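Examination of the molecular architecture
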Amino acid sequence: MSLRVSEVVIDCADHGAVVDFWQEALDYDRQEVNEQYVGLAPREKALGRPPILFQKVPEAKVVKNRVHLDFRTESRVDEIARLEALGATVLREGSLGSIHWTVMADPEGNEFCVSDGS
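Remember, predicted model here, so these are calculated numbers, not experimental data.

1. So, the overall build of the protein chain
Within the protein chain one finds two helices and eight strands. Mapped in sequence order, the helices and strands of the protein chain form the string β-α-β-β-β-β-α-β-β-β. For the protein chain, whose C-alpha radius of gyration is 14 Å, the value lies close to the compact-globule estimate of 13 Å for 118 residues. Each principal axis of the C-alpha atoms in the protein chain carries an extent, and together these give about 45 × 35 × 30 Å. Counting every position in the protein chain, which comprises 118 residues, the buried fraction comes to 33%. Once local pairs closer than 6 in sequence are excluded, the contacts in the protein chain between residues at least 24 apart make up 49%. When the accessible surface of the protein chain is split by element, carbon and sulfur atoms take 52% of a total near 7900 Å².

Shown next as structure tokens:
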């Protein structure tokens, strides 16, 4: 099979705050593409660190994301505090058995989850 993910695309109304947030959150390099797209990519390829492409769209986010990013970290509490300082907001907490996660939103409301584990 030759199908593989080339990048994850996130819609945004404006590249400014949302790209700045994700660039800092992931420590990725910014790649200007054109007026509609801005890319972020890891400095070195690594499992779990795909490139992200931000697509400027005219419509605002209205409902819950149908697809979202999940992140794992060794210290969820510390990572949540760091992401909040960068401009993310906590939406809710979740758990299923021994798995615990926090649903957050980036500066434009795009949802993502942070859970315990490496």
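2. Topic: the nonpolar core
The tendency in soluble globular proteins is for nonpolar side chains to be buried side by side. Residues Phe21, Trp22, Ile52, Phe54, Leu83, Met104 and Phe112 are the most contacted members of the largest nonpolar core, which totals 20 residues. Within the residue set of this core, elements represented by two or more residues are strand E1 (8–12), helix H1 (15–26), strand E3 (37–41), strand E4 (52–56), helix H2 (76–86) and strand E8 (111–116).

3. A short note on the sheet that holds E8
As summarised here, the arrangement of the four strands in space is E5-E8-E7-E6, forming an open sheet in which the pairing is mixed. The open sheet has two free edges, formed respectively by strand E5 (69–73) and strand E6 (89–96), since each of these has just one partner strand. On average, each strand axis in the sheet is inclined to that of its neighbour by 25°, with strand direction left out of account. The pairing of strand E7 (residues 99–105) with E8 spans five bridges and is antiparallel. Among the inter-strand pairings, alanine 105 is bridged to a residue of E8, identified as glutamate 111. Contacting E5, E6, E7 and E8, H2 crosses the sheet at an angle of about 0° to E7.

4. What to know about H2
Among all positions of H2, only Arg76, Ile80 and Leu83 are buried. Summarising the axial view, the buried residues of H2 lie within an arc of 65°, below the 170-degree limit, and thus occupy one face. Exposed and facing more than 90 degrees away from the buried side of H2 are Val77, Asp78 and Ala85. Contacts made by the buried residues of H2 are with H1, E5, E6, E7 and E8. Phi turns positive one or two residues past the end of H2, at glycine 87, with a value near 125°.

What counts as what
Residues numbered from 1 in each chain as written. Predicted model: local features only at pLDDT ≥ 70, side-chain atom pairs only at ≥ 80, totals over all residues. Heavy atoms only, no water. Helix = DSSP H or I, 4+ residues; strand = E, 2+ residues; numbered from the N terminus. Rg over C-alpha atoms; globule rule 2.2 N^0.38 Å. Buried < 20%, exposed > 50% of the residue type's maximum accessible area, 1.4 Å probe, protein only. Contact = heavy atoms within 4.5 Å. Areas by Shrake-Rupley, 256 points an atom, 1.4 Å probe, with all protein chains shown as cover. Core = buried A, V, L, I, M, F, W, Y, C linked by side-chain atoms within 4.5 Å. Pairing = 2+ DSSP bridges. Axes fitted to C-alpha atoms, helices over the stretch in contact; angles between N-to-C directions. Arc of directions from axis to C-beta.

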